[in-house]
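# What the coordinates show
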Amino acid sequence: MKAKAPAPSGQQAKVPVRAAPVLPAALAAMPMGDAHLGNNEMAIAERVHQGHLACELGASVRVEADASRPGYFNLHGKGFRYHMHPVSTSTGAIRLEDKKAGAVWLQLANKSMLMDQNKGRRIADECAHPEQMAFAQDMKNNPPPKLFDTTGMGR
């Protein structure tokens, strides 16, 4: 490649200006903080428990699908309101995030929790949908085998 000669003194070199790509109307109308969800995220969204979930210490969380944005959810409770979207995890746990607010909703088989990543604390814990309550009760009635022998018999 040939190097460009510097512009004569007192003049600035002309730099080509690229036009911004034109977005389809549907994408242009989207708020900039909301990303398009792929097939994996939409599959996660289908598994999110919705409705009123009672939590520990008398707290509660309401999880509702955003009718105008498929795959997105509104989570609200006393003193908080978040607009969240699914995020893939390596563990298989269902994770929703509101990156702007720093909030994370984790849904496990037996409970869910809402965390504030900015402050490093849980906002709501031990939240449970009826399906999660049934799973938790089954875990109590039929505990999984222990990973380690704690009886001392293996020595």
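To keep things clear, this report deals only with the structure shown in the data block.

Cut-offs used in this document
- Residues numbered from 1 in each chain as written.
- Predicted model: local features only at pLDDT ≥ 70, side-chain atom pairs only at ≥ 80, totals over all residues.
- Heavy atoms only, no water.
- Pairing = 2+ DSSP bridges.
- Helix = DSSP H or I, 4+ residues; strand = E, 2+ residues; numbered from the N terminus.
- Axes fitted to C-alpha atoms, helices over the stretch in contact; angles between N-to-C directions.
- Disulfide = S-S within 2.5 Å.
- Buried < 20%, exposed > 50% of the residue type's maximum accessible area, 1.4 Å probe, protein only.
- Polar contact = N/O pair within 3.5 Å; in protein donor to acceptor, adjacent residues only side chain to side chain.
- Contact = heavy atoms within 4.5 Å.

Before going further, it helps to examine the sheet that holds strand E4 (residues 80-87). Read from one edge of the open sheet, eight strands run E1-E2-E3-E4-E5-E6-E7-E8, paired in antiparallel fashion. Both edges of this open sheet fall to strand E1 (51-54) and strand E8 (121-127), since each of them pairs with a single strand only. Each strand axis lies, on average, 25° off the axis of its neighbour in the sheet, ignoring direction. Sheet topology note: the strand E6 (residues 103-107)/strand E7 (residues 112-116) ladder contains five bridges and is antiparallel. Within the sheet, the bridge partner assigned to Trp105 lies in E7 and is Leu114.

Once that is clear, we can look at the state of the cysteines. Following the criterion strictly, the structure yields one disulfide and no others. Bridging Cys55 to Cys127, the disulfide has an S-S length of 2.0 Å. When the S-S torsion is 105°, as for the bridge of Cys55 with Cys127, the disulfide is right-handed. Placement of the pair is Cys55 in the loop between E1 and strand E2 (60-65) and Cys127 in strand E8, with a sequence separation of 72 residues. One exposure class covers both Cys55 and Cys127, and it is buried.

Another aspect to go through is the side chain of Arg95. Summarising the element assignment, Arg95 is placed in strand E5 (residues 94-98). At a separation of 2.7 Å, a polar atom in the side chain of Arg95 contacts the side chain of Glu97. Setting aside chain neighbours within four positions, we find Arg95 in contact with His85, Pro86, Val87, Thr89, Val104, Trp105, Leu106 and Gln117.

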